[in-house]
Structures are given as structure tokens and as C-alpha cells.
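For reference, the chains in residue letters:
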Amino acid sequence: MSDIVIDRAAAPRPTPKPGILDIAPYVPGKSKVDGVEHPLKLSANENILGSSPKAREAFGSAIDQLHMYPDGRAPVLRDALCETYGLEPERLLFGCGSDEIFQLLNQTFLEPGDNIVQGEFGFGAYAIGARACQAEVRTAREPNYTIDVDELLKQVDSRTRLVFIANPANPTGTWIPGSEVRRLHAALPPSVVLVLDGAYAEFATDPAFEDGMSLVREFDNVVVTRTFSKLHGLAALRVGWAYMPPEMAAAIDRIRLPFNVNIPAQLAAVAALGDVEFQERSLALVERWRPYLIQQLGGLGLEPVPSAANFVLVGFPKTPGKTAKEAEAFLASRGLIVRGVGGYGLPDHLRITIGLEEHNRAVVEALSDFMKG
């Protein structure tokens, strides 16, 4: 036994490594309103139709497996994705939501002093993971709330290891065509990994949009991430996946926690993937009501941003009594919860998830009353 005497009163306490306490924690959208028993939540871009009946049934079928550890390589889900999208199994990686995959990418490629590059309105999880690795986060201007390839490239230097872009983007809903993604990639050093976050890719229907899968096959420094949280309505189950070069997948798999995607989630995801009818209904709803919201809100004197996702970002005046913050409170008083995005550097905007017909009309009616008041 050691004969060292420790003065516990004077001993230093454990402290986080430099930079951890400087990270602003992620703040999710609100889900409650004081005084409103059943508010309508349009703040988190969840699928307003819920989830696939087949996915719910598959989730329930796992009740007899709750005592078992999942296979972290998700073989059943891996096979289903390969069959659905024509992918190679060795290129797939699974995570507890896309968020975990972003974190794993940061852990794998970043050392203190390295940097990542993202748009100025980039998803908060990219920066949180990078700063946890003591890396610098560089942001590029987004004119018209849209990723600008030239602005991104201005931020790239010899210590850049990852470039993150969401396409379509959150919280703006904007997107860039495949030609611009390819121009960006062509200008990046081979040592930089281009990460294409496709959380909302299914909602982008313009022929000029590309999901990036072919880029992954062509090059060894491109990653595409996807999720079952949005179109498939499985946000509570946290199922994300990525398509990447096989050598990269093998490297990241070494630090992936072994049981990260649970059995009920895997089974529900497989069933959701096969429920084409539910996917088509979900897409049809967004395609029907997205232009309605944009047109109606623009007619109220507001500034909706053109969107290719299942939400609309709306700009408000700076005039006292008409601000985004006041509009958010007014909508909440009507039982409508939307997303303030001041934390993304957009204090004059609100993000509104596209709902059912009655929800979208209620939002327009409420904001019409707000602007007249």
C-alpha cells in the first residue's frame, strides 16, 4: 500500500480540459407553453404525421428482445439500406442520430489546433463536437441565407480537416445544387473531408439537387450523413447513418461505442424504410403546404426564405411590437410553438415546421392578427 499522504482539503478538484466550459450547450426548441394544456409543437421539424404504422408495429415486436444487447453494426438495417439505395455495406456507419456521427468524425480527424469550416448558420452539433476536440470553428458568410462555396473556401487553410454543409440546410431551408457541391469539393485539398449532412435530403425535389452519394463513390474524402428522424418520423429512436469511403468507415468503427443503436430502433428503421406509402404521404404534405406558407406569410409583409425542407424560416421586422421574439410569444399564447433561432445568429427570424392543413392555416391566421395588432 502507498505511504503517500494526501491533503484532500488542499488537493485540486478535477477540471474539464481547456475550452469545454466555453462551449455553449445546444438548446432545443420549446415543447411546452405555460397555461396551454395541449400546445401544437411546430418547433422541431418533426413529421406531423407521426411515424409509419409498420415502424410502430416493428418497434413493438422487439419487446421480447429488450434484455439483449444490439449489434452495433446493425446488419439488418445495413442490408435494408443497401437494397433500397444500391449501396455497398462496407461503406456504411450507424450512429445514435446523425449527431453521433458528426461527433465521431470530429474525434477521428481533429487534433488541438485543427479547424472545421461551416456556414455561419450551420447546425450547432458540428461546432460542439469540434470544440470538444479543442479545434477551431470557422464560419463562412451565407449571403441570402445560403451556403456560398467561395466564402467557405476563404476559410480553408492547412489546418482544416473537415468542411460541414447541410444540404438542404437547417435552420434556413436553403440548398445548393450538385454543381456547386462538386465545385466546392474540387477546390478542397485531398486531406480535407467534405461532410454533406442530408437530414432533409428527401424533401429536396429540384432536379438540380444531388444527394452526394455518387461523390462518395468517386472520391475518398466525402461523407454523406442521413437520418430517420425527419421524413420517417423516428426522431425519438435516434437512428442516423453515413455513407463514406470503406477505409474511413473502418477507422471510425474503432471508436464507435459498441451498442449505440438499439434493437427496437433498428427494427423500426427497417420497417420505415419499406413503407413507401407513408413516405409519399409525408412528402406530399410538405410539397402541398410549403408554398402556401411561403406565399401567405410573404403576403403579410414578412420575409419567408425559400425552403427545400419541411419547415420555413421567416424574417420579421425590427420594429417594436412586430419583432420575431414578440411574434413567438404571440403564437405561443395561441398554443402554437415555433422555433426562435437567435442562437443561430438569426434573432429576427422564426422557424416554423410545416403541419397539417388546420395547423398551417392557424399559423397564418395568428400571424395575420399579430401583424395587424
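Now for a description of the structure that goes with this document. What you see is a predicted model, and the numbers here were worked out from it, not measured in a lab.

**Quick look at the overall build of the chain**
Across its full length, the chain holds 12 helices and 13 strands. For the chain, whose C-alpha radius of gyration is 22 Å, the value lies close to the compact-globule estimate of 21 Å for 373 residues. Once the C-alpha set of the chain is aligned to its principal axes, its extents read approximately 75 × 55 × 50 Å. Looking at the chain residue by residue over its 373 residues, the buried ones come to 52%. By sequence separation, contacts in the chain at least 24 residues apart represent 73% of the contacts at least 6 residues apart. Of the roughly 17400 Å² that the chain leaves accessible, carbon and sulfur atoms contribute 55%.

**As for helix α2 (residues 75-85)**
Regarding α2, the residues found buried are L77, R78, A80, L81 and C82. Buried residues along α2 sit against β2 (92-95), β8 (240-243) and α9 (263-274). One or two residues past the end of α2 sits G86, with phi positive at roughly 70 degrees.

**Re the packing of aromatic side chains**
Aromatic ring pairs are described here by two measures, namely the spacing of the ring centres and the angle between the planes. Evaluated as defined, the whole model comprises 13 aromatic pairs. Between the aromatic rings of Y200 and F311, the centroid separation amounts to 5.3 Å while the plane-to-plane angle is 80 degrees, which identifies the pairing as edge-to-face. Note that Y200 is positioned in the loop between β6 (193-197) and α7 (213-218) and F311 in strand β10 (residues 311-315), a separation of 111 residues in sequence. Residue classification places Y200 among the buried positions, given a relative accessible area of 3%. For F311, a relative accessible area of 0% puts it in the buried group. What links up through ring pairs into an aromatic cluster is the set F102, F123, Y126 and F164. The positively charged end of R288 is found above the aromatic ring belonging to W289, 4.0 Å away from the centroid. One cation-aromatic arrangement involves R351 over F311; the distance from NZ or CZ to the ring centre is 5.6 Å.

**Observations regarding the environment of F228**
By the secondary structure assignment, F228 is in the loop between β7 (222-227) and β8. Each C-alpha atom of the pair F228 and G240 lies 6.3 Å from the other, and the pair is 12 residues apart in sequence. When sequence neighbours within four positions are dropped, the list of residues in contact with F228 reads L77, L81, G233, L234, A235, V239, W241, A269 and L273.

**Here we look at helix α4 (residues 124-132)**
With seven of nine residues buried, α4 is to be regarded as a mostly interior element. For α4, the set of buried residues is G124, A125, Y126, A127, G129, A130 and A132. Looking at the buried side of α4, the elements it contacts are α3 (97-109), β3 (115-119), β4 (136-140), β5 (160-166) and β6.

**Looking at the nonpolar core**
Core analysis: the biggest nonpolar cluster contains 41 residues, and F228 and W241 have the highest contact counts within it. It is α9 that provides the largest number of residues to this core, a total of five residues.

**Re the sheet that holds β4**
Ordered in space as β2-β8-β7-β6-β5-β3-β4, the seven strands form an open sheet in which the pairing is mixed. A single partner strand is all that each edge strand has here, and the edge strands are β2 and β4. Direction aside, the axes of adjacent strands within the sheet are offset by 20 degrees on average. Here helix α6 (residues 178-187) sits on the sheet in contact with β5, β6 and β7, set at roughly 160 degrees to β6. Sheet contacts for helix α8 (residues 246-253): β2, β6 and β7; angle to β2, the most-contacted strand, approximately 35 degrees.

**Thoughts on the sheet that holds strand β12 (residues 339-341)**
If you walk across this open sheet you meet the four strands as β9-β10-β13-β12, and the pairing is antiparallel. Only two strands of the sheet have a single partner each, and these edge strands are β9 (303-304) and β12. Where β12 meets strand β13 (residues 346-353), three bridges bridge the pair, whose relative direction is antiparallel. Opposite G340, over in β13, you have L350 as the bridge partner. Its contacts with the sheet put helix α11 (residues 324-333) on β12 and β13, and the angle it makes with β13 is roughly 35 degrees.

**Points about the environment of V305**
Residue position: V305 is located in the loop between β9 and β10. By relative accessible area, V305 is classed as buried at 4%.

**As for the pairing of β6**
Summarising burial for β6: five of the five residues are buried, a large majority. Of the two faces of β6, the one lined by V193, V195 and D197 and the one lined by L194 and L196 are each fully buried. As paired elements, β5 and β6 share five bridges and run parallel to each other. Residue pairing across strands places V163 opposite L194, the latter belonging to β6. What joins β5 to β6 is α6, and the crossover it makes is right-handed. As a crossover connection, the stretch from β6 through α7 into β7 is right-handed.

**A short note on the pairing of β7**
Residues in a regular strand project their side chains so that they alternate between the two faces of the sheet. The buried count for β7 comes to six of six residues, which makes it a mostly enclosed element. Of the two faces of β7, both are covered, the one formed by V222, V224 and R226 as well as the one formed by V223, T225 and T227. Here β6 pairs with β7 via four bridges, running parallel. Along β7, the bridge assignment pairs D197 with T225.

Here is what the cut-offs are and how they apply
Residues numbered from 1 in each chain as written. Predicted model: local features only at pLDDT ≥ 70, side-chain atom pairs only at ≥ 80, totals over all residues. Heavy atoms only, no water. Helix = DSSP H or I, 4+ residues; strand = E, 2+ residues; numbered from the N terminus. Rg over C-alpha atoms; globule rule 2.2 N^0.38 Å. Buried < 20%, exposed > 50% of the residue type's maximum accessible area, 1.4 Å probe, protein only. Contact = heavy atoms within 4.5 Å. Areas by Shrake-Rupley, 256 points an atom, 1.4 Å probe, with all protein chains shown as cover. Phe/Tyr/Trp six-rings, centres within 6.5 Å; stacked < 30°, edge-to-face > 60°. Lys NZ or Arg CZ within 6 Å of the ring centre and 35° of its normal. Core = buried A, V, L, I, M, F, W, Y, C linked by side-chain atoms within 4.5 Å. Pairing = 2+ DSSP bridges. Axes fitted to C-alpha atoms, helices over the stretch in contact; angles between N-to-C directions. Right-handed = clockwise from strand over helix to strand, strands pointing away.

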